[in-house]
Amino acid sequence: MRIGNGYDVHVLTEGRKLIIGGVEIPYEKGLLGHSDADVLVHSIMDAMLGALALGDIGKHFPDTASEYKGADSIKLLECVTELIHKRGWKVGNIDSIIVAQKPKMAEYIDKMKENIATAAKVEQGVVSVKATTTEKLGFEGRGEGISAYAVVILEEDK
């Protein structure tokens, strides 16, 4: 068994879609980034890569590479899943949390879990997605950005 943790943060800005967990959420702002800036999926990928000491998503999908401009992070998660499978591992559990004052995430969480589970090739029951606010404290609380944390357990794929 291997364990990894991940963290990601992106700035909220006008003129971008808000995509979290592969779900487009109606909101006045979106997350700024080279790809679709899906903070949740980015934190999960970093946790998966970290569990096998394979670096981070910047190493595998650099923001200087034009092929990743506007990339769908769920597709990138599929690539990371393939990478860990080729090394003889599979996802045992994903636990994650989105930190955002707004918008509210509750109605989108089931679809996020479904998207992540499909991309990671696991049952939806091993994917946990939670959301919290910071009670208006910090950059998330001021509506300047959104962050996400993830912990992933990988198991040998026997």
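Up top is the structure these notes are about.
Presented here is a report on the structure given in the accompanying data block. (Residues numbered from 1 in each chain as written. Predicted model: local features only at pLDDT ≥ 70, side-chain atom pairs only at ≥ 80, totals over all residues. Heavy atoms only, no water.)

Strand pairing in a sheet relies on backbone hydrogen bonds, with the paired strands running either antiparallel or parallel. Strand order across the open sheet formed by five strands is β4-β1-β7-β5-β6, with mixed pairing between neighbours. Two strands in the sheet have a free side with no partner beyond their single neighbour: β4 (30–31) and β6 (127–132). Pairing of strand β1 (residues 2–13) with strand β7 (residues 145–156), which is carried by 10 bridges, proceeds in the antiparallel orientation. Bridge pairing in β7 links Val11 to Gly145. Here helix α1 (residues 39–51) sits on the sheet and contacts β1, β4, β5 (89–99), β6 and β7; the angle it forms with β1, its principal contact strand, is near 155°. Sheet contacts for helix α4 (residues 109–120): β5 and β6; angle to β6, the most-contacted strand, approximately 145°. (Pairing = 2+ DSSP bridges. Helix = DSSP H or I, 4+ residues; strand = E, 2+ residues; numbered from the N terminus. Contact = heavy atoms within 4.5 Å. Axes fitted to C-alpha atoms, helices over the stretch in contact; angles between N-to-C directions.)

Let's shift gears to the pattern of salt bridges. Inspection of the entire model under this criterion finds four salt bridges. In this structure, Glu24 and Lys17 form a salt bridge, with 3.9 Å as the shortest nitrogen-oxygen distance. According to the relative accessible area criterion, Glu24 is partly exposed, its value standing at 48%. Overall, the relative accessible area of 53% leaves Lys17 in the exposed class. For Asp95, the salt bridge goes to Lys130, with nearest N and O atoms at 2.3 Å. Of the two residues, Asp95 sits in strand β5 while Lys130 sits in strand β6, which places them 35 residues apart along the sequence. Assessed through its relative accessible area of 32%, Asp95 is described here as partly exposed. Residue classification places Lys130 among the partly exposed positions, given a relative accessible area of 34%. (Salt bridge = Lys/Arg side-chain N within 4 Å of Asp/Glu carboxyl O. Buried < 20%, exposed > 50% of the residue type's maximum accessible area, 1.4 Å probe, protein only.)

Function cannot be inferred from these measures alone, as they are strictly geometric.
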